[in-house]
Amino acid sequence: MENKKLISQFSKKIFKCHLIMLLVSAIFTFFFGGFLHIEKPVNGYIFSGFMVVGYIFLLYSECLIEARKNFYNVNGDRTMIDYLLGVKSGLKAHAISLIYLVVLMTFYYAYKWFTVSIWLDNVSIYVYMNVIFRFFFLPFLSFFPNSDNIYLWFYLLLCIFPSIVCGISYVLGLRECKTVNDINE
């Protein structure tokens, strides 16, 4: 029970990190949209590169703090530490985006394979859903393809990206923690 509560609290912090980077990306995109002109894709890659590095740094620092807190809460007893807490919390934090991706893929492949679609203003609904998905992952703006096609593996990578970063960061944070007995050995 304690582990579920810990995962829930930690996943809220991870999701907050995503919202912070979404806000920062939206502000920079709003003010420097001309810089991200389509005719100069290198500028967009530089912008997205900085946003992704900032996102990684934000997740890393949050996971490092959580790892230290959890290490010292169990008095340095490494057998009581869940090493997969970062991955579990990252997946829980982005469960909404994974569910949304499944719904998006359902509408996309229903249209592509069976030509079954819900239309809104003469545009298939998956196009609007695709735009919402891309906005939710705005820090990766320039890495998205230029068409309205949906690339499952790329989108899935975006959905599990925080889990991968949090898992690695959490384990690295635990490895940095030492007790008095660890130092004396």
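Residues numbered from 1 in each chain as written. Predicted model: local features only at pLDDT ≥ 70, side-chain atom pairs only at ≥ 80, totals over all residues. Heavy atoms only, no water.

Caption draft 1: Spatial organisation of the packing of aromatic side chains. Taken as a whole, this structure holds 20 aromatic pairs when the rule is applied. Centroid distance tyrosine 108 to tyrosine 109: 5.0 Å. Interplanar angle 65°. Geometry classified as edge-to-face. The exposure class assigned to tyrosine 108 is buried, which follows from its relative accessible area of 4%. Taking the relative accessible area as the measure of exposure, tyrosine 109 reaches 22% and is therefore partly exposed. Seen from their ring centres, tyrosine 111 and tyrosine 126 are 5.5 Å apart, and the 35° between their planes marks the pair as tilted. A residue pair is termed long-range when its members are at least 10 positions apart, and tyrosine 111 in helix H4 (residues 95-114) and tyrosine 126 in helix H5 (residues 125-136) qualify at 15 residues. You can call tyrosine 126 buried: its relative accessible area is 6%. (Phe/Tyr/Trp six-rings, centres within 6.5 Å; stacked < 30°, edge-to-face > 60°. Buried < 20%, exposed > 50% of the residue type's maximum accessible area, 1.4 Å probe, protein only. Helix = DSSP H or I, 4+ residues; strand = E, 2+ residues; numbered from the N terminus.)

Caption draft 2: Here's a closer look at the pattern of salt bridges. Tallied over the entire structure, the rule returns four salt bridges. Ionic pairing is found between lysine 69 and glutamate 66, a salt bridge with its closest N-O pair at 3.5 Å. Of this pair, lysine 69 and glutamate 66 are both found in helix H2 (residues 41-73), three residues apart, which corresponds to roughly one turn of the helix. One salt-bridge network, in which partners are shared between bridges, spans Lys13, Glu66 and Lys69. (Salt bridge = Lys/Arg side-chain N within 4 Å of Asp/Glu carboxyl O.)

Caption draft 3: Geometry of the packing of H5 against helix H6 (residues 152-176). Relative to each other, H5 and H6 sit at 40°, their axes nearing to 11 Å. Regarding the angle of H5 to H6, the classification is oblique. Viewed along their axes, H5 and H6 form a crossing whose handedness is left-handed. Residues Asn130, Phe133 and Arg134 of H5 form the contact with H6, whose participating residues are Tyr155, Leu158 and Cys159. The residue makeup of the contact of H5 with H6, split by class, is four nonpolar, one polar and one charged. (Axes fitted to C-alpha atoms, helices over the stretch in contact; angles between N-to-C directions. Parallel < 35°, antiparallel > 145°, perpendicular 65-115°, else oblique. Left-handed = near helix turned anticlockwise from the far one by under 90°. Contact = heavy atoms within 4.5 Å. Nonpolar A, V, L, I, M, F, W, Y, C, P; charged D, E, K, R; others polar.)

Caption draft 4: Representation of a nonpolar patch on the surface within the structure. A surface patch of nonpolar side chains, amounting to about 680 Å² of accessible area, comprises Leu23, Ile27, Phe28, Phe30, Phe31 and Phe32. With respect to the helices and strands, leucine 23 occurs in helix H1 (residues 2-31). On the basis of relative accessibility, which here comes to 53%, the residue leucine 23 falls in the exposed class. (Patch = residues over 30% accessible without salt bridge, like charges linked within 9 Å, V, L, I, M, F, W, Y side chains within 5 Å. Areas by Shrake-Rupley, 256 points an atom, 1.4 Å probe, with all protein chains shown as cover.)

Caption draft 5: Quick peek at the environment of histidine 18. Residue placement: histidine 18 occurs in helix H1. Spatially, the C-alpha atom of histidine 18 lies 8.7 Å from that of phenylalanine 137, the residues being 119 residues apart in sequence. Dropping the residues within four chain positions of it, histidine 18 is found in contact with Tyr55, His94, Phe136 and Phe137. Reaching out from histidine 18, the side chain makes a polar contact with the backbone oxygen of phenylalanine 136 at a distance of 2.9 Å. (Polar contact = N/O pair within 3.5 Å; in protein donor to acceptor, adjacent residues only side chain to side chain.)

Caption draft 6: Molecular detail of the environment of lysine 92. Within the secondary structure layout, lysine 92 lies in helix H3 (residues 85-93). When the C-alpha positions of lysine 92 and lysine 12 are compared, they lie 8.7 Å apart, and in sequence the two are 80 residues distant. If near-sequence neighbours (up to four positions away) are discounted, lysine 92 is found in contact with Ile7, Ser8 and Ser11.

Caption draft 7: Highlighting H2. Between the first and last C-alpha of H2 there are 47 Å, a value that for 33 residues agrees with the 48 Å anticipated at 1.5 Å per step. The positive-phi residue at the C-terminal boundary of H2 is asparagine 75, with phi of around 55°. (Expected span 1.5 Å × (residues − 1).)

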